[in-house]
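So the chains spell out like this:
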Amino acid sequence: MNTVSLALRNLLRNRRRSLTTLLAMVVGLVAILLFGGYRSNIIYGTQTGFVQQTGHLQIQRRGYFVDGGDNPTAYGIADYPRLLERIRQAPALAPMLVIATPTLQLGGIAGNFSAGVSRSVMATGLIPEDRNRMMQWNDLGVVSYAQPLPLAGAAEDTVVVGTGVARKLQLCALLDAADCQPAAAPTVLDGAALPDDIAALSLLEKAGPTAPPGNRIEMLAATARGAPNVASLNVIKASNMGIKALDDMYMAMHLAQAQRLIFGTGTPQVTAILVQLKHTAQIPPAREVLSRLLAEHFQDADLEILDFDTLNPIYRQTNEFMDSMFGFIALLIGVIVLFTIGNTMSTAVVERTTEIGTLRAMGLRRAGIRRLFVCEALLLGIAGSVLGVLGALLIAYAINHSGWSWTPPGYSYAYLILVRVGEDLPLLLGSVTGMLAVTLLSAWWPARRAARLVIVDALRHA
Amino acid sequence: MHPVSLRQVGKTYRLGSVDVPALSDITLDIRQGAFTVLAGPSGSGKTTLLNLIGCIDTPDQGEITVAGHQVQSMPDDALSDFRARHIGFIFQNFNLIPVLSARENVEYPLVLAGVAASERHRRVQALLDAVGLSDRQHNLPAQLSGGQRQRVAIARALATAPRLVLADEPTANLDSHTGADIITLMRRLQREQDVSFVFSSHDPQVHAEADEIIFIRDGRITGIEAGRDTTRGQA
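Residues numbered from 1 in each chain as written. Chains lettered and ligands numbered in written order. Predicted model: local features only at pLDDT ≥ 70, side-chain atom pairs only at ≥ 80, totals over all residues. Heavy atoms only, no water.

## Here we look at the overall build of chain A
Logical step 1: Counting its secondary structure elements, chain A contains 16 helices and eleven strands.
Logical step 2: Looking at the 462 residues of chain A, the share that counts as buried comes to 46%.
Logical step 3: Of the contacts made within chain A by residues no fewer than 6 positions apart, 78% connect residues no fewer than 24 positions apart.
Logical step 4: Total accessible area on chain A stands at roughly 22,200 Å², and carbon and sulfur atoms take up 62% of it. (Helix = DSSP H or I, 4+ residues; strand = E, 2+ residues; numbered from the N terminus. Buried < 20%, exposed > 50% of the residue type's maximum accessible area, 1.4 Å probe, protein only. Contact = heavy atoms within 4.5 Å. Areas by Shrake-Rupley, 256 points an atom, 1.4 Å probe, with all protein chains shown as cover.)

As structure tokens, this is what we get:
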């Protein structure tokens, strides 16, 4: 017979009360774990999306991120082939590196002149094979919505646009029919009122411009010298980019094509080198290696290194928002559990006052009484944690296989509702540790009160 | 050596703003191996005196020596350990631990005293045999009669082979027949183990078995007499 055995029997003495307390803990822990799992899925999913698109680190000309978005020529990196070579050959970086690839951001006006429509776009010049490799990054094991770019192996004049761009440019062949408003058909002339030869001529005139030859568009951009330059491009796919604002502006093209458009026959440049690592946790050491490399070999180029967290402020904002919600919910549940267990233990102390007096008279020290009540709470905490984790895993499994989905604000398609409970060990360990800490905290005061009872008063207790 | 000696012991309780003297100037020696009864009307100070002797309460004045140790200034933990080794308690309401079986109740003081498991087993079995409850040793207190519970309490009080057993009205909640049996049992074990018993009791049957009766009234000792006649010395 030891303290644990005695504590367990005391818990079983009033089964209904113990069960109610246990239930409160289980429900609390399940709620924390499910919300935590949902939060993890959103944060990990967001991180994966950004790392796939922008890499972990980017090397840019200083100030480009803040001021140069619409002026790639002023912030171009001319010596980028040498920089890429240095990055790819850096021995300290090699074990961490997935890929380093150049990119050129440019703005311009895309027009479908056969339909008489145009719109502003933000285009990305990229190496499709490299980007497709970046899309495969899924170190956190989330459901990835990334689609490979069909530009790989395609002609240099091919581009991919967002579905919003395609819709505006009336590239209806690339979209579902319901999603596209084709150009208004020219007025059909009434042949009966016209001479036959004029009517036939009119029909011939109508047939020409309303039947576009494939999905060709024109892209107008300003060159490095400020002159307009136009490229004829073949849109081979309209991709849903998820976020509507992006969907309405997006265009991806071959890097060489983008460079020709901006720099013409001059020296081609890029606006950034994207560096994708095997693990997000490798950002600090990788940044250190890159900083050394830039300091040693590219001191005059005025380059800076930015991580994906800085490049995508919405990621940090999402994290902070989810963390604050999780913290608030965890705090609320913690307080409820704290008072539930505290109340249970306080009631037990009152009910067992004579017993406490007897144990103390027999020679049990104050610390022994404290230990007994804390042990009872701890047993409740352990049982509640085990059942809570099992319950959360079970419900998470049901949710993850239910196919529930929702469309987040500003997004253009629905995401599956998933909760990462079993896959998130820090969440599991943190929540269980927190629950046990709350349990101990809630038992401490009643246990202390029990231990400090005056023996003769306790023995007199009716 | 006396198992218990009190010198000019006093105890005052404070009720609101009023000091109520519970014991005054108590000087007393309890005889080794004696069956001593504290007798007196309700509120006379019997239980307070028993609590002081049992080291579960502290005096305001005077000195108390139990089993050769001055106890009034001992720290709480030391006093707990001292009680575990030297003093057994029998309560009016038995005060058994309800979640422990009869056997475990008897064993518990030995666990507190740090006695090895094999030795615990031997002593518990001997005590259960002595109180005639071997066949009920696995029963919980709720499954025992009042008399049986008090037998378990007696066995528990004697488990650590203490120098002193204190019993507060041990027969008050028993019928007279069961009470007589319990007194006989305590008397037998007291003689067999040469342990000093101190009772507070109104029960004439207890007084009849006493070696010594200490009469208390209004917190003062009014007389000490050899036992057998319970009416003598009472005002």
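## Things to note about the pattern of salt bridges
Logical step 1: Evaluated as defined, the whole model comprises 30 salt bridges over all chains.
Logical step 2: Of the charged contacts, one joins D76 of chain B and R360 of chain A as a salt bridge, the two residues approaching to 2.8 Å between their closest N and O atoms. Of this pair, D76 of chain B sits in helix α2 (residues 76-86) while R360 of chain A is found in helix α13 (residues 353-362), placing the two residues in two different chains.
Logical step 3: Here D76 of chain B falls in the partly exposed class, since its relative accessible area comes to 26%.
Logical step 4: One salt bridge connects D19 of chain B with R14 of chain B, and the closest N-O pair in it is separated by 2.5 Å.
Logical step 5: By relative accessible area, which is 46% here, D19 of chain B ends up partly exposed.
Logical step 6: Overall, R14 of chain B belongs to the exposed group, its relative accessible area being 54%.
Logical step 7: By sharing partners, the salt bridges in this structure join R13, R352, E355 and E376 of chain A into a single network. (Salt bridge = Lys/Arg side-chain N within 4 Å of Asp/Glu carboxyl O.)

## Some details on the sheet that holds strand β2 (residues 18-30) of chain B
All names here are of chain B.
Logical step 1: Spatially, the four strands line up as an open sheet ordered β2-β1-β4-β5, and their pairing is antiparallel. Taken across any chain shown, the strands that pair with only one partner, and hence form the sheet edges, are β2 and β5 (69-70).
Logical step 2: Where strand β4 (residues 61-66) lies against β5, two bridges are found, and the strand directions are antiparallel. Along β5, the bridge assignment pairs T65 with Q70.
Logical step 3: Where helix α1 (residues 46-53) meets the sheet, its contacts fall on β1 (4-15), β2 and β4, and the angle it forms with β1 comes to roughly 120°. (Pairing = 2+ DSSP bridges. Axes fitted to C-alpha atoms, helices over the stretch in contact; angles between N-to-C directions.)

## Quick word on the nonpolar core
Residue and element names in this part refer to chain A.
Logical step 1: Core analysis: the biggest nonpolar cluster contains 112 residues, and L83, M251 and I273 have the highest contact counts within it.
Logical step 2: Mapped onto the domain boundaries, this core takes at least three residues apiece from domain 1 (2-47 + 316-460) and domain 2 (63-301).
Logical step 3: With residues up to four places along the chain from it excluded, the contact list for L83 reads I59, I77, I273, L293, L294, F298 and L303. (Core = buried A, V, L, I, M, F, W, Y, C linked by side-chain atoms within 4.5 Å. Domains from an automatic or database assignment.)

## Remarks on unusual backbone geometry
Logical step 1: The phi angle at D302 of chain A is positive, at roughly 55°, despite the residue not being glycine.
Logical step 2: Overall, D302 of chain A belongs to the partly exposed group, its relative accessible area being 38%.
Logical step 3: One non-glycine residue, A161 of chain B, lies in positive phi territory at about 50°.
Logical step 4: Position of A161 of chain B relative to the elements: it lies in the loop between α5 (146-158) and β7 (164-168).

## A few points about the domain arrangement of chain A
All names here are of chain A.
Logical step 1: According to the domain assignment, chain A consists of domain 1 (2-47 + 316-460) and domain 2 (63-301).
Logical step 2: Contacts between the two partners involve twelve residues from domain 1 and, on the opposite side, 13 residues from domain 2.
Logical step 3: Buried surface at the junction of domain 1 and domain 2, both sides included, amounts to about 1,100 Å², of which 57% is carbon and sulfur.
Logical step 4: For the interface between domain 1 and domain 2, the tally reads zero salt bridges.
Logical step 5: The interface formed by domain 1 and domain 2 holds three residue pairs in polar contact (both at pLDDT 80 or more) in total.
Logical step 6: For the side of domain 1 that touches domain 2, the secondary structure elements donating two or more residues are α2 (15-54) and β11 (415-416).
Logical step 7: The biggest single contributor to the side of domain 1 that touches domain 2 is α2, with three residues.
Logical step 8: When its residues are assigned to classes, the side of domain 1 that touches domain 2 shows seven nonpolar, four polar and one charged. (Buried area = accessible area lost by both parts, 1.4 Å probe. Polar contact = N/O pair within 3.5 Å; in protein donor to acceptor, adjacent residues only side chain to side chain. Nonpolar A, V, L, I, M, F, W, Y, C, P; charged D, E, K, R; others polar.)

## Description of the interface of chain B and chain A
Logical step 1: Taken together, the contacts link 24 residues of chain B with 19 residues of chain A.
Logical step 2: On the chain B side of the contact with chain A, I56, V99 and Y108 of chain B bury the most area, a combined 25% of that side's loss.
Logical step 3: Joining chain B to chain A, the criterion identifies five salt bridges.
Logical step 4: Taking the shortest distance from any N to any O, the salt bridge between R365 of chain A and D77 of chain B comes out at 3.8 Å.
Logical step 5: Where chain B meets chain A, there are eight residue pairs in polar contact (both at pLDDT 80 or more).
Logical step 6: The set of elements that each furnish at least two residues to the side of chain B that touches chain A consists of α2 and α3 (102-112) of chain B.
Logical step 7: Considered class by class, the residues forming the side of chain B that touches chain A number twelve nonpolar, four polar and eight charged.

## Examining helix α4 (residues 117-130) of chain B
Residue and element names in this part refer to chain B.
Logical step 1: Taking 1.5 Å of rise per residue, 14 residues should cover 20 Å, and α4 covers 20 Å from first to last C-alpha, within 8% of that figure.
Logical step 2: Regarding α4, the residues found buried are R120, V124, L127 and L128. The arc that holds every buried residue of α4, seen down its axis, measures 100°, which confines them to one face.
Logical step 3: Where the residues of α4 are buried, they touch α3, α5 and α6 (176-193).
Logical step 4: Directly beyond the C-terminal end of α4, a positive phi value near 75° is found at G132. (Expected span 1.5 Å × (residues − 1). Arc of directions from axis to C-beta.)

## Focus: the side chain of E376 of chain A
Logical step 1: Mapping E376 of chain A onto the fold places it in helix α14 (residues 366-400).
Logical step 2: You can call E376 of chain A buried: its relative accessible area is 2%.

## Describing the sheet that holds strand β8 (residues 196-200) of chain B
Residues and elements named next belong to chain B.
Logical step 1: Pairing in this open sheet of six strands is mixed, and the strands run β6-β7-β8-β3-β9-β10 from one edge to the other. A single partner strand is all that each edge strand has here, and the edge strands are β6 (87-90) and β10 (220-226). The mean angle between the axes of side-by-side strands here comes to 20°, regardless of whether they run parallel or antiparallel.
Logical step 2: For strand β9 (residues 212-217) and β10, the ladder comprises six bridges, and the chain directions are antiparallel. Across the sheet, I213 pairs through a bridge with E225, a residue of β10.
Logical step 3: Lying over the sheet, α2 contacts β6 and β7, oriented at roughly 75° with respect to β6.

## Some points on the side chain of T271 of chain A
All names here are of chain A.
Logical step 1: With respect to the helices and strands, the residue T271 is situated in the loop between α9 (255-263) and β8 (272-277).
Logical step 2: Overall, T271 belongs to the buried group, its relative accessible area being 0%.
Logical step 3: A distance of 3.0 Å separates a polar atom in the side chain of T271 from the backbone nitrogen of Q105.
Logical step 4: Contact partners of T271, with chain neighbours within four places excluded, come to I59, Q60, Y64, P72, Y75, I77, T103, L104 and Q105.

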